Amino acid sequence: MAGAGVLLWDLRRLCRVLLFLSQFYILSGGGSFSVEPSQPLAQSDKDPGPTRTFTVVPRAAESTDIPPYMMKCPSNGLCSRLPADCIECKTNFSCVYGKPVTFDCTVKPSVTCVDQDFKSRKSFVLNMTCRFCWQLPETDYECSSSTSCMAVSCPRQRYTANCTVRDHVHCLGNRTFPKMLYCNWTGGYKWSTALALSITLGGFGADRFYLGQWREGLGKLFSFGGLGIWTLLDVLLIGVGYVGPADGSLYI
């Protein structure tokens with residue numbers, strides 16, 4: 001009986017030790033019981049959850065660009081003297097050509113003008129002559145020039161030029177238009193110089209060389225001015241302007 005009691009006592013002590021070890025293992029974070037709460041913690045570290053994104057919209061910059069027509073518009077000038085690019089008019093194409101006519105006009109944005117009494121105006125009455133822009137005199141518009149046509153030819157050559165009405169001139173229709181003009185460009189040759197060379201050194205072809213006609217100049221040089229006949233003819237032809245520069249330009 002004594003041996004059985006000792007064995008039972010030893011079993012109880014062993015059970016207490018195992019129970020103590022199991023509780024210590026559980027409290028230290030081991031075992032299957034401690035894995036379950038650790039999973040959402042690990043998931044929370046990897047997945048931060050939904051995030052909000054904010055889009056910054058920049059403020060629209062205030063427009064400070066100056067309209068291109070403002071370079072031609074004087075500040076606080078007379079409304080009737082403003083260039084055509086600075087005003088907008090209600091024109092009427094049924095007016096009688098060559099007769100005075102009045103149109104109601106308004107200034108464009110950012111343009112300021114005054115009337116005869118120096119009062120600021122936005123609308124005014126414009127007095128002008130009823131005619132289209134292409135019917136203006138040559139002094140009221142500027143045209144492009146051409147150096148590819150012959151100014152000295154018979155008949156005189158023409159070229160198509162692009163013409164633009166001057167700023168202070170008012171007219172009906174398009175202010176830029178094509179027009180056929182006579183060739184009238186010059187290459188810098190002087191008529192007086194050509195005539196003087198023809199009289200003094202014409203026998204050696206100096207006049208022809210000066211005008212750029214080197215073939216005729218060589219012919220006169222080696223023929224001694226065509227024995228004087230060619231020299232006299234050139235004096236007459238240059239004197240009346242029939243012989244001109246080889247590039248077809250006019251004399252200065």
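Named according to an unreviewed UniProt entry, the protein chain is TM2 domain-containing protein 3 originating from Neophocaena asiaeorientalis asiaeorientalis. The Sequence similarities (unreviewed entry) comment attached to the protein chain in UniProt states, word for word, "Belongs to the TM2 family."

Caption draft 1: Fine view of the overall build of the protein chain. Within the protein chain, the regular secondary structure consists of 7 helices and 9 strands. Within the span of the protein chain, comprising 252 residues, buried residues form 26% of the whole. Sequence separation of 24 or more characterises 57% of the internal contacts of the protein chain that already satisfy a separation of 6 or more. Within the structure as shown, the protein chain displays about 18400 Å² of accessible surface, and the carbon and sulfur contribution to it stands at 61%.

Caption draft 2: The arrangement of the environment of P245 in detail. Mapped onto the elements of the fold, P245 is located in the segment after α7 (229–239). Along the primary structure P245 and A194 are separated by 51 residues, whereas in three dimensions their C-alpha atoms are 9.3 Å apart. Excluding anything up to four places from it in sequence, P245 contacts Y189, L211, Q213 and Y251.

Caption draft 3: Here's a closer look at the pairing of strand β6 (residues 123–129). Side-chain alternation along β6 places F124, L126 and M128 on a buried face and S123, V125, N127 and T129 on a face that remains uncovered. Where strand β3 (residues 100–107) lies against β6, 7 bridges are found, and the strand directions are antiparallel. For P100, the partnering residue across the bridge sits in β6 and is T129.

Caption draft 4: Focus on the UniProt feature "transmembrane region" (unreviewed entry) in the protein chain. Under the feature "transmembrane region" (unreviewed entry), the UniProt entry names residues 221–243. Here residues 221–243 is 74% helix and 0% strand, with 18 Å between the C-alpha atoms at its ends.

Caption draft 5: Local environment of the packing of aromatic side chains. Within the structure shown, the criterion is met by 3 aromatic pairs. Ring geometry for Y141 versus F177: centroids 5.4 Å apart, planes at 75 degrees, classification edge-to-face. Residue Y141 is located in strand β7 (residues 141–143), and its partner F177 is located in strand β9 (residues 176–182); the two are separated by 36 residues in the primary sequence. One exposure class covers both Y141 and F177, and it is buried. Note on Y189 and Y210: the rings are 5.7 Å apart at their centroids and 90 degrees apart in plane angle, and the pair reads as edge-to-face. Of the two residues, Y189 is situated in the loop between β9 and α3 (191–201) and Y210 in helix α4 (residues 206–210); the sequence distance between them amounts to 21 residues. Of the residues examined, Y189 reaches a relative accessible area of 21% and is grouped as partly exposed. When its relative accessible area of 24% is taken as the criterion, Y210 is described as partly exposed.

Caption draft 6: Region of the structure containing the environment of Y141. Taking the relative accessible area as the measure of exposure, Y141 reaches 4% and is therefore buried. Linking Y141 and V165, residues 24 residues apart in sequence, is a C-alpha distance of 4.1 Å. When sequence neighbours within four positions are dropped, the list of residues in contact with Y141 reads L136, C163, T164, V165, R166, F177 and K179. At 2.5 Å, the side chain of Y141 and the side chain of K179 are in polar contact.

Caption draft 7: Quick peek at the sheet that holds strand β8 (residues 158–165). Taken in spatial order, the 3 strands of this open sheet run β7-β8-β9, and their pairing is antiparallel. In this open sheet, the two edge strands, each paired with only one partner strand, are β7 and β9. Taken pair by pair, the neighbouring strands of this sheet meet at an average axis angle of 40 degrees, ignoring direction. Looking at chain direction, β8 and β9 are connected through 7 bridges and run antiparallel. Opposite N162, over in β9, you have P178 as the bridge partner.

Reading the values: the criteria
- Residues numbered from 1 in each chain as written.
- Predicted model: local features only at pLDDT ≥ 70, side-chain atom pairs only at ≥ 80, totals over all residues.
- Heavy atoms only, no water.
- UniProt positions renumbered as here; feature names shortened; annotations may be inferred.
- Helix = DSSP H or I, 4+ residues; strand = E, 2+ residues; numbered from the N terminus.
- Buried < 20%, exposed > 50% of the residue type's maximum accessible area, 1.4 Å probe, protein only.
- Contact = heavy atoms within 4.5 Å.
- Areas by Shrake-Rupley, 256 points an atom, 1.4 Å probe, with all protein chains shown as cover.
- Pairing = 2+ DSSP bridges.
- Phe/Tyr/Trp six-rings, centres within 6.5 Å; stacked < 30°, edge-to-face > 60°.
- Polar contact = N/O pair within 3.5 Å; in protein donor to acceptor, adjacent residues only side chain to side chain.
- Axes fitted to C-alpha atoms, helices over the stretch in contact; angles between N-to-C directions.

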